[in-house]
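# Structural characterization, general
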Amino acid sequence: MTSTAKLKKKRTERKTTLVKEHEDKQLQKGNNVAFLNRIRMDSKNPIRKAVAQRIFEAKLKTTVEVVNSLPDGRAAEYDPKTDTIRLTKQSQDEETLMHEYTHAATIDVINKYETDQLDKLTDDQQAAVVHLEYLMDESRKSLAEKFPNAYEDLNEFVSNAITNEAFQNALGKLSIPVSESIVPEETSLWTNLLQAIAKILRIPGLLREGNMSIEALAAFDKIVSAPPKVALIERPCQLENPL
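Residues numbered from 1 in each chain as written. Predicted model: local features only at pLDDT ≥ 70, side-chain atom pairs only at ≥ 80, totals over all residues. Heavy atoms only, no water.

Another point: the environment of Asn-155. Its location among the elements puts Asn-155 in helix 7 (residues 154-163). Overall, Asn-155 belongs to the buried group, its relative accessible area being 8%. Linking Asn-155 and Asn-111, residues 44 residues apart in sequence, is a C-alpha distance of 8.9 Å. Apart from the residues within four sequence positions on either side, Asn-155 is in contact with His-103, Ile-107 and Ile-110. (Helix = DSSP H or I, 4+ residues; strand = E, 2+ residues; numbered from the N terminus. Buried < 20%, exposed > 50% of the residue type's maximum accessible area, 1.4 Å probe, protein only. Contact = heavy atoms within 4.5 Å.)

With that settled, consider the pattern of salt bridges. Under the defined criterion, the tally for this structure stands at 12 salt bridges. Linking Arg-74 and Glu-77 is a salt bridge whose minimum nitrogen-to-oxygen distance equals 2.6 Å. For the residue pair Arg-74 and Glu-77, the accessibility class agrees, reading buried in each case. Between Glu-77 and Arg-86 there is a salt bridge; the shortest N-O distance is 2.9 Å. Classification of Glu-77 as buried rests on a relative accessible area of 6%. Accessibility expressed as a relative area gives 18% for Arg-86, which makes it buried. (Salt bridge = Lys/Arg side-chain N within 4 Å of Asp/Glu carboxyl O.)

Time to look at the nonpolar core. One broad trend across soluble globular proteins is that nonpolar side chains are buried collectively. Core analysis: the largest hydrophobic core is formed by 58 residues, its most contacted members being Val-51, Ile-55, Tyr-101, Leu-132, Phe-157, Phe-167 and Phe-220. Take this core: its biggest share by element is nine residues, from helix 5 (residues 94-114). Excluding anything up to four places from it in sequence, Phe-167 contacts Leu-143, Phe-147, Ala-150, Tyr-151, Phe-157, Asn-160 and Ala-161. (Core = buried A, V, L, I, M, F, W, Y, C linked by side-chain atoms within 4.5 Å.)

The next point concerns helix 7. Across the 10 residues that make up helix 7, a large majority, 10, are buried. Taken residue by residue, helix 7 has Leu-154, Asn-155, Glu-156, Phe-157, Val-158, Ser-159, Asn-160, Ala-161, Ile-162 and Thr-163 as its buried positions. Regarding helix 7, its N-cap is Asp-153, as a side-chain oxygen of that residue lies 3.1 Å from the backbone nitrogen of Asn-155 further along. (Polar contact = N/O pair within 3.5 Å; in protein donor to acceptor, adjacent residues only side chain to side chain.)

If you walk through the whole model with that rule in mind, you get four aromatic pairs. A centroid spacing of 5.9 Å and a plane angle of 90 degrees characterise the contact between Tyr-151 and Phe-167, whose relative ring orientation is edge-to-face. Here Tyr-151 is found in the loop between helix 6 (123-143) and helix 7, whereas its partner Phe-167 is found in helix 8 (residues 165-171), with 16 residues between them in sequence. Residue Tyr-151 shares its accessibility class with Phe-167, and that shared class is buried. (Phe/Tyr/Trp six-rings, centres within 6.5 Å; stacked < 30°, edge-to-face > 60°.)

Bringing the confidence of the model for the protein into the picture now. Model confidence for the protein is summarised by a mean pLDDT of 81, while 77% of its residues fall at 70 or above. For the stretch residues 2-18, pLDDT sits under 50, and the model shows two contacts to residues farther than four places along the chain or on other chains. The low-confidence segment residues 226-235, where pLDDT is below 50, has 21 contacts with residues more than four positions distant or belonging to other chains. (pLDDT = per-residue confidence, 0-100.)

Before going further, it helps to examine the side chain of Asp-79. Structurally, Asp-79 can be placed in strand 2 (residues 74-79). For Asp-79, the side chain forms a polar contact with the main-chain nitrogen of Lys-81, separated by 3.0 Å.

Here it is, written out as structure tokens:
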């Protein structure tokens, strides 16, 4: 093999380095947004990419740890007491990570709402949680049997609505009255996430049509905030390994 051929081979090998290997090295260096950066920059799922960008903009302090295993065979978990996402080595995929990041971005607001600490929430955050409860109740009869994990509680509903592609598609086939939509009528009031979704779906004039999947994304957009240093929720949010 000539020196030129060897050089070409080395370059090719560098380009095909596994994503997980790169992220593992970044985590070891203390770069806790390594996975999130990869998703917001390179994901082939445009909605997931836009959501990852929104979470990145929230500037969470969440720590990400890759572990050999978790109790009860769980694939991943979010621990609000330490603001830590733990992933098993076999579960370093976009959907699993974004599921836990959604918990990290929303769990504190939902907890404050459910424990009547409304004075610690903005009007938009309160309205967003109420809207998510409404979407959960309205869709339960149609989807709970097929997606039981999504209806365990409000935290699981929002994480599945934001990150589970199959559940998103199912929600997208359901609608609420336009009068109940949380999407602003004036497009000038749309956030970067809503604008991105409208561009992705190529339906700027129809974004405010009551589509439940879009409504969940809009509510998530309003609710996002970083968890406090001392969380009030006792049990970790868990994602089980699929059968």
